[in-house]
Amino acid sequence: GMSVFVRYVGDDLWHERPLLARVGTSLNVWVICTPDDDLYTESFGNTNDDIDGFRFGTPLNVLPPGVPAGRAYRFNALPIG
């Protein structure tokens, strides 16, 4: 599956969020999961004042350009096989 990395206002970490399902016909609202096993919907549109930045389109456990490894709150690496 694909994920998004999100940086929230006031936080210098990028948070990994697997994109589980798009909500309705919206291109910006997704059901996501956190590394702490929280599950909720989040809007990635420009109307979400809680988000300072985001990077879409990476496979789970792959950092997108512009997200330093030391500043990412991620899921543990998945075993192969």
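Described below are features of the structure shown in this document. Everything numeric here is computed off the predicted structure, so don't read it as measured data.

So, about the overall build of the protein. Regarding its fold elements, the protein presents 0 helices and 6 strands. Shown N-terminal to C-terminal, the secondary structure of the protein runs as helices and strands in the order β-β-β-β-β-β. Relative to the globule expectation of 12 Å for 81 residues, the C-alpha radius of gyration of the protein, 12 Å, shows essentially globular dimensions. With respect to the three principal axes, the spread of C-alpha positions in the protein is 35 × 30 × 20 Å. The buried share of the protein, reckoned over its 81 residues, is 33%. Partitioning the intrachain contacts of the protein with sequence separation of at least 6 by distance along the chain shows that 45% fall at a separation of at least 24. For the protein, the accessible surface area stands at approximately 5,000 Å², while carbon and sulfur atoms represent 55% of it.

This paragraph deals with the environment of Asp-49. Mapped onto the elements of the fold, Asp-49 is located in the loop between strand S4 (39–43) and strand S5 (51–59). For the pair Asp-49 and Pro-64, spaced 15 residues apart in the sequence, the C-alpha separation amounts to 22 Å.

Definitions and limits used
- Residues numbered from 1 in each chain as written.
- Predicted model: local features only at pLDDT ≥ 70, side-chain atom pairs only at ≥ 80, totals over all residues.
- Heavy atoms only, no water.
- Helix = DSSP H or I, 4+ residues; strand = E, 2+ residues; numbered from the N terminus.
- Rg over C-alpha atoms; globule rule 2.2 N^0.38 Å.
- Buried < 20%, exposed > 50% of the residue type's maximum accessible area, 1.4 Å probe, protein only.
- Contact = heavy atoms within 4.5 Å.
- Areas by Shrake-Rupley, 256 points an atom, 1.4 Å probe, with all protein chains shown as cover.

By themselves, these are just geometric observations and shouldn't be taken as functional.
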